[in-house]
Amino acid sequence: MQNLLKSLSITGACALLAGCGGGSGDLGGLASYDEVSTAASAMATANSFDAALGEFTVATRADISGQVTATDAHYEGFITDDLGDTSLVGETEMTVDFDLASVTGSATNFYHETDGAYTGTLTLVGGAINNGATASDPDTLDGTFTGSLINAAVNYNTDITISGEFTGGTGATTPSAVGGTADGLVGSDLFIGSFISELQ
């Protein structure tokens, strides 16, 4: 699989992400494939995320061990894939209730590298946090983005399952980012990629 998050240039992307640090601010709906994919690349780079493996390095993973109690931690970011020789990338938002270990969210504003915009909103279902024990067995965020995306008047029933790890927090500190694998189907096309989101 081509590595979209690592292969794209991040020149100028810091302006999109308010300096590329944690807490990027409201994404506001970026307006083109290049904008979305470049911002995704910058966010991944800023958070030491290995998109090829769909994980943070062990040293940067957050071992929250069920101690975080924030009930409305809001994360915004990106989900991306290579469909054949070209890429599909979209924006995500998720609200995490660490107290109840539940997650709600959506993915929208999708763009394809050659086919342009995919309209529609995917809803995160079954969102949950599964507690791990250590940084090598980390807490994970899991769920499935499901719904319909439309391109060139064609409906694509879509289901993309995500499984991610947290970074930038220990103990009771709310993690600054979450990222991991994103796998499923867009219509009959395999979606094999990754996602990353930052605390707002």
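Conventions adopted
Along each chain, the written sequence defines residue order, and numbers are assigned to residues from 1. Local features in a predicted model are, by the rule used here, given only for residues with pLDDT of at least 70; side-chain atom pairs are given and counted only at 80 or more, and totals for whole chains, interfaces and linings are based on all residues. Computation of side-chain values: all heavy atoms of the structure, hydrogens and water removed. Nonpolar cores are built from buried Ala, Val, Leu, Ile, Met, Phe, Trp, Tyr and Cys residues. Side-chain atoms within 4.5 Å join them into one set. Remark: exposure states derive from per-residue accessible area (1.4 Å probe, protein chains only) relative to the maximum for the residue type, with buried under 20%, exposed over 50%, and partly exposed in between. By definition, any uninterrupted DSSP run of H or I lasting at least four residues is a helix, any uninterrupted run of E lasting at least two residues is a strand, and each is numbered from the N terminus. The contact definition used throughout considers only heavy atoms, calling two residues in contact when any of these lie within 4.5 Å. Two strands are said to pair when DSSP picks up at least two bridges between them. Every patch collects residues that have over 30% relative accessible area and no salt bridge, joining them within 9 Å if they carry like charges and within 5 Å if they are nonpolar side chains (Val, Leu, Ile, Met, Phe, Trp, Tyr). Working definition of accessibility: Shrake-Rupley area with a 1.4 Å probe, residue cover restricted to the visible protein chains. Here, a salt bridge means any Lys or Arg side-chain nitrogen found within 4 Å of an Asp or Glu carboxyl oxygen.

Caption draft 1: Structural view of the nonpolar core. Within the largest apolar cluster, 28 residues are counted, with the highest numbers of intra-cluster contacts made by Ile79, Met94, Phe98, Phe145, Ile162 and Phe166. With 15 residues, the next largest nonpolar core counts Tyr33, Val36, Ala39 and Phe78 among its residues.

Caption draft 2: Representation of the environment of isoleucine 64. In this fold, isoleucine 64 is placed in the loop between strand 2 (55-56) and strand 3 (73-83). Assessed through its relative accessible area of 2%, isoleucine 64 is described here as buried. Considered as a pair, isoleucine 64 and proline 175 are 111 residues apart in the sequence and their alpha carbons are 7.9 Å apart. Setting aside residues up to four positions removed in sequence, isoleucine 64 forms contacts with Phe98, Asp139, Phe166, Gly169, Gly171, Thr173 and Pro175.

Caption draft 3: Focus on the pairing of strand 10 (residues 177-186). With 7 of 10 residues buried, strand 10 is to be regarded as a mostly interior element. Direction of pairing for strand 9 (residues 154-167) relative to strand 10: antiparallel, over a ladder of 10 bridges. Its bridge partner being in strand 10, isoleucine 160 is matched across the sheet by glycine 184. The pairing of strand 10 with strand 11 (residues 189-199) spans 10 bridges and is antiparallel. Each residue of the ladder has a partner; that of threonine 181, found in strand 11, is serine 194. In this structure, the hairpin formed by strand 10 and strand 11 is closed by a connection of 2 residues, where glycine 187 is found at a positive phi of approximately 65°.

Caption draft 4: Highlighting a nonpolar patch on the surface. On the surface, Leu185, Leu190 and Ile192 cluster together into a nonpolar patch covering about 270 Å² of accessible area. Of note, isoleucine 192 is situated in strand 11.

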